[in-house]
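# Descriptive analysis of the structure
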Amino acid sequence: MALRRLIYPMTWRLPIVVWQAAFFVVPLGFMVVMSFWAVRNYRMQPDFILDNWAKMLGRGYFWDAYWLTVIRAAAASAIASLVAFPASYALAYKVSPAARRWAIFFLIIPFFTSYLVRTYAWQVILAEQGVINAGLGFIGIGPFTMLNSGFGAMVGYLTLTLPLVVILQTFSLASVDRNLIEAAWNLGCSRFRAIFLVIIPSAKVGLILGAVFCFILSFGDFVSPYYLGGSKPPTLSILIIDTTKSGQQWPRAAVVAVTMIATLLAVAFAAVGAAYRKPKP
Amino acid sequence: MLARVYLAAIFAFVFAPIVASFVFSFNSDRFPTVPLGSFTFHWYETAFSKPGVWEAFRTSLLVSASAATLSTLIGFCTAYTDFRFGFRFKPAYLALALLPPTIPLVIMGLAMLAWLSNVGLSGTVTAVVISHTVLGAPFAMAVIRLRLSQMDPALEAAAWNLGASEWGAMRQVILPFCRPSVIAAFCLTAAVSFDEFAVAWFVSGLNKTVPVVILEILQGNVDPQINAIGTVVFLTSMALVVMAQVLVMRRTRGEAG
Amino acid sequence: MSGPLVVFDGVVKRYGSVVAVKRMDLTIAKGEFVALMGPSGCGKTTTLRMLAGLEEPDEGTITIGGRPMNGVPAHERDTPLVWQSLALFPFLNVRENVEFGLRMRGIDAGKRQRRVLEWLERMGLKGFEERRIDQLSGGQRQRVALARSLVTEPEMLLLDEPLSALDAHLVVRMQGVLTRLQRELGITFVYVTHSQSEAFAMADRVVIMGHGEIAQTGAPREVYRAPANRFVAEFVGRNNIFEGTVAGVENGQAVLESPAGRLRLPAGSAVSGNASIAVAADRVRVSAGRPEGPNAIRCQLISEEFVGASVILYLEAPDGSEIKAQLGEAELRTLDLHSGAELWVSWEPAAAHLLGGQG
């Protein structure tokens, strides 16, 4: 009787548990385990050694890549948040709800266009003889070198993340109680100060969420740093690909991956902490 | 006014590469710049004269249809569980269900490659389907859960009250209510799979999907074929997304009154 | 009305550590219109849901028509419910909604068709068969929900605050529809509501619940005029409640020593020790000067509330307690009302009602 009663709920509850256990938790767990395996004669062997960790973490180029990735992702997150904010503000408060819905719809479109194709388009647009430099040439400036640089990579990161950041910010700004803002105006707060004193504190969770998603996406992205940033110096994701694809050194790639996940978890927890922290009395 | 100019600039940045790749795909120059060269179908012809590209499209369609079916099934079960049941460890359950999209794709790729090689699946179409289902199920879950949150929770109990068993209520009430969102979830996860290149690149081996082919062309020299293939991929994905959007919108509006 | 249809015998329902229903004993007769009434969270909806099999009692048994219902799943019971939200299926049209219960019972298509049409006609919904639910007005939806529940010809209909979403003028009309239906069909209605006016207008018997327990059952008038305890007195009508100790007998009547003053108890009430009385607001008189007779308290006017043709005065007694008095237009004209005005309240000893034990 009791068992029969479990059939119905378990039919719905179990599929995701089974699937994500077998193909998400186990692979990630296996990767962690693999980071302690040995590679002998170009073959992986189950083992428990710290060599991979020592070799990766003991090298200067790993840490160069680590900090480059962290700084770039943090910069992308800050720039995307700042650039997106005025747009989100306009979408949340200055346009009609119908226009807002359309804008959101158009911001979703990029997620379904190939990021690779968009990156390639930027390669062509930003090239030495590309559209932008040709345009600037008409008014007599340039050409500028934009590809294979931090700037190029940043254009790529923003291509990837800006629509998402605008969407998340717009939703959080639009859900701020309008009475709160009007109350601030009514009490003599200027529109500009109200943004900092009322709107940003009220929409904090969404704003931080946008920044965190931007950080996560930029941190893990390999396409922008590779094809727009010039791949050298490498970021962590490029390091993973190079280590995996060229050298059979999967355990070392796993070390990089585990380090990345640890970093992302730390960032995510810090952000959640910041988002939900009560202001001190 | 200033707000509109700023918005226009943001949208220009977001859509510049999309529009550019569309325009360049019909432009005769190998290194396009302004002024543009002449109109041509050359890049489409070259790209689609290769058997590899057709093969990739077939693989992509197969993969995205299968992954979308599995994602939608699993996503539906999860969304319904979240809607209907409360139990211990539910936060952990939901975290497990929704976490995959937050893991960088390169890491997912490495982990899937390592694990699937270990069980002898690496390099197969199955491997890509499995990976894309892991990535797609949370999206399917989110879309269907959103629909269920618009449902009066009394509806299911009302069906029991009128004599429907739990399975009967599922078939007579929950499924009909969720149908548009189930189709939308299928379209969205199909589009996600159709565009995913990182994990597919790691695990697909010789069974390349379209994005993997694009990635490999990109690793070579500048080649406007990418624009041609990309435009076709874009149109396919957009068709799926618009279909999903229309289904979700129409139903929501129809019941607003 | 004949024998019992529903018997609750020591029924207990808990949610975790919260006891929603405590040891309930209740009998509902065939053909009776019973209203379960009480403030939100009193356990009335849980009681109804247990009847429908949507919740299982933790202890005790519920029998319907002599059959113990413990363990019988909701879909195997014949206890249709009219939901607060109506819970009409939005993806089905009117006909399909009404047909649902018949289809689940495996009744053949021809017979289904006849029964559905018969009920739609009865509820004044003829011609609306193919309408979508969102194309109906609130009152029409209400009638679809009723038809959907009654089409299977049950012995009992459960109603969970079905009128709470309607406009005031529709509520009165639907009350008429419900009372007439119940008389015509002769079946049992179990009606959950927090609204006194609905319960008192329709029910043969009201069951007042509070904190998971039955506080009083009885005919509406009886409960209204003679609340059994403090809880009922506070929930039903507008009562002033005075607590105190019985101090002795004056002129053959017991006297209650309360913080508000010495109050006469109604004749014949032989009590001692602690006691409480309820005085309905509409039995309280207000005058500018000290009135003749007992039960006079000097008060200060705090505020007034207009209720149709009468006014409720909120006054403060010297001990700080609040006294409500409901006055008609004529009585008001003799008084000079302003905030803080000094007024006297009084009542006939017979207007006081002695309350029973703890409520």
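This structure is a prediction, so every number in the text was calculated from the model and none was measured.

Quick notes on the rules
- Residues numbered from 1 in each chain as written.
- Chains lettered and ligands numbered in written order.
- Predicted model: local features only at pLDDT ≥ 70, side-chain atom pairs only at ≥ 80, totals over all residues.
- Helix = DSSP H or I, 4+ residues; strand = E, 2+ residues; numbered from the N terminus.
- Rg over C-alpha atoms; globule rule 2.2 N^0.38 Å.
- Buried ≥ 20, exposed ≤ 12 C-beta atoms within 10 Å, placed from the backbone.
- Contact = placed C-beta atoms within 7 Å.
- Nonpolar A, V, L, I, M, F, W, Y, C, P; charged D, E, K, R; others polar.
- pLDDT = per-residue confidence, 0-100.
- Pairing = 2+ DSSP bridges.
- Axes fitted to C-alpha atoms, helices over the stretch in contact; angles between N-to-C directions.

## A word on the overall build of chain A
A tally of helices and strands in chain A yields 13 helices and two strands. On C-alpha atoms alone, chain A measures out to a radius of gyration of 24 Å, which is more than a quarter above the 19 Å that the 2.2 N^0.38 rule sets for 281 residues. Oriented by its inertia axes, the alpha-carbon framework of chain A measures out at about 80 × 70 × 40 Å. Sorting the 281 residues of chain A into buried and exposed places 41% on the buried side. Across chain A, the fraction of contacts at a sequence separation of at least 24, relative to all contacts at a separation of at least 6, is 72%.

## Some words on the interface of chain B and chain A
Every contact between the two is made by 59 residues of chain B and, on the other side, 61 residues of chain A. Elements supplying a minimum of two residues to the side of chain B that touches chain A: helix H1 (2–24), helix H3 (51–84), helix H4 (90–98), helix H5 (105–118), helix H6 (125–148), helix H8 (166–195), helix H10 (210–219) and helix H11 (225–254) of chain B. Here the side of chain B that touches chain A gets 13 residues from one element, more than from any other, and that element is H1(B). A class-by-class count of the residues in the side of chain B that touches chain A yields 46 nonpolar, eleven polar and two charged.

## What about the confidence of the model for chain A?
Averaged over chain A, the pLDDT score is 88; the fraction of residues at 70 or greater is 98%. Mean pLDDT values over the elements of chain A span from 80, in strand E2 (residues 43–45) of chain A, up to 94, in helix H3 (residues 60–94) of chain A.

## Remarks on the sheet that holds strand E5 (residues 67–68) of chain C
Spatially, the four strands line up as an open sheet ordered E2-E1-E4-E5 (chain C), and their pairing is antiparallel. Each end of this open sheet is capped by a strand with a single partner; those strands are strand E2 (18–29) and E5 of chain C.

## Here's the deal with the sheet that holds strand E15 (residues 285–287) of chain C
All names here are of chain C. Taken in spatial order, the five strands make up an open sheet running E15-E19-E16-E17-E18, and their pairing is antiparallel. Of all strands in the sheet, those with a lone pairing partner are E15 and strand E18 (322–327), marking the two edges. Between one strand and the next, the sheet's axes are offset by a mean angle of 45 degrees, whatever the strand orientation. Alignment of strand E17 (residues 310–316) against E18, held across six bridges, turns out to be antiparallel. Considered in E18, the bridge of Leu-313 is made with Ala-325.

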